[in-house]
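# Summary of structural features
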Amino acid sequence: MDQSDVGTDLEKILLSEEDLGKKLDEMAAKIDEDYAGRDLLLVGVLKGAVMVMADLSRRLHHPITMDWMAVSSYGSGTKSSGVVRILKDLDSDLSGRNVLIVEDIIDSGLTLSWLVSNLRSRGPASVEIAAMLRKPDAAQTDVDVKYLGYDIPNEFVVGYGLDYAENYRNLPFVATLAPHVYSG
């Protein structure tokens, strides 16, 4: 899928496929350096992190294991309340493991903050975060991100795993969604 497949649904491309790839190379090199000689469990947060998790894991140069969680925060409309439900839990025991949460985007930080606390309560050696995107202007709580791709404006973005109504996830870039698509 590319830009021509979505017509006028996009306003502008914020990050190209090349931009994302270069940043993933940098993030992977730092993760390899930091975890040299240590086990590493990547925990992807479904569904959005699928692209980041796949591309990041293929760039790592030492053995890793992977697991997935699906969590849902709910509130009014498009705003998170920070109240979280686990829809799919990990299959892995975290005791004594080095855990790296892989996220597509951090908006308010409320769900991710809850997730970090939840995973830390399971006895891992460490819990860190790798996120491709962060919206600093949307933050409602501080979340310590060890490996960050890009800070972006507080705009509605799609592509590279990010969706609107389950569409646009398979775009190979990150773009702002045109308001006429989501304003009704």
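Look up: the structure comes first, before these words.
Predicted model only: the values in this text are computed from it and were never measured. (Residues numbered from 1 in each chain as written. Predicted model: local features only at pLDDT ≥ 70, side-chain atom pairs only at ≥ 80, totals over all residues. Heavy atoms only, no water.)

## Side note on the overall build of the protein
- A count of helical and extended segments in the protein gives four helices and nine strands.
- Overall, the protein shows an N-to-C arrangement of helices and strands of β-α-β-α-β-β-β-α-β-β-β-β-α.
- Relative to the globule expectation of 16 Å for 184 residues, the C-alpha radius of gyration of the protein, 16 Å, shows essentially globular dimensions.
- Dimensions of the protein along its principal axes, counting C-alpha atoms only, are 50 × 35 × 25 Å.
- Counting only residues that meet the buried cut, the protein has 46% of its 184 residues in that class. (Helix = DSSP H or I, 4+ residues; strand = E, 2+ residues; numbered from the N terminus. Rg over C-alpha atoms; globule rule 2.2 N^0.38 Å. Buried < 20%, exposed > 50% of the residue type's maximum accessible area, 1.4 Å probe, protein only.)

## A word on the nonpolar core
- With 25 residues, the main nonpolar core has I31, M132, L133 and V174 as its most contacted residues.
- Listed by contribution, the elements that provide at least two residues to this core are α1 (17-34), α2 (50-59), β5 (98-106) and β6 (126-134).
- It is α1 that contributes the most residues to this core, five residues altogether.
- The contact partners of I31, leaving out residues within four places of it in the chain, are L40, L56, L60, H62, L100 and Y147.
- L90, L94, V99 and I106 belong to the second largest nonpolar core, which has 20 residues in total. (Core = buried A, V, L, I, M, F, W, Y, C linked by side-chain atoms within 4.5 Å. Contact = heavy atoms within 4.5 Å.)

## Considerations on the environment of P136
- One can find P136 in the loop between β6 and β7 (147-151).
- As a C-alpha pair, P136 and V99 span 37 residues in sequence and 24 Å in three-dimensional space.

## A look at the side chain of D104
- Within the element layout of this structure, D104 appears in strand β5.
- For the buried D104, which has no salt bridge, the nearest side chain bearing the opposite charge is R169, at an N-O separation of 5.4 Å.
- Every residue in contact with D104, bar those within four places of it in the chain, is listed here: G48, A49, V52, M132, L133, G161 and L162. (Lys, Arg positive; Asp, Glu negative; His and termini not counted. Salt bridge = Lys/Arg side-chain N within 4 Å of Asp/Glu carboxyl O.)

## Re the pattern of salt bridges
- Counted according to the given criterion, the structure contains 17 salt bridges.
- Between D55 and R58 there is a salt bridge, and its shortest N-O distance comes to 2.3 Å. A residue pair is termed a helical-turn pair when its members lie 3 or 4 positions apart in one helix, as D55 and R58 do in helix α2 at three residues.
- Residue classification places D55 among the buried positions, given a relative accessible area of 18%.
- Exposure remark for R58: the relative accessible area of 63% places this residue in the exposed category.
- Here D67 ties to K88 by a salt bridge, and the two come within 3.7 Å at their closest N and O atoms. With D67 in strand β3 (residues 65-74) and K88 in strand β4 (residues 83-88), this pair connects stretches of sequence that are 21 residues apart.
- For D67, a relative accessible area of 4% translates into the label buried.

## Quick look at the pairing of β5
- In terms of residue burial, β5 counts as a mostly covered element, since nine of its nine residues are buried.
- Bridge analysis of strand β2 (residues 41-46) against β5 gives four bridges, and the strand direction is parallel. Following the sheet pairing, V43 is matched in β5 by I101.
- Sheet topology note: the β5/β6 ladder contains eight bridges and is parallel. Within the sheet, the bridge partner assigned to N98 lies in β6 and is S126. (Pairing = 2+ DSSP bridges.)

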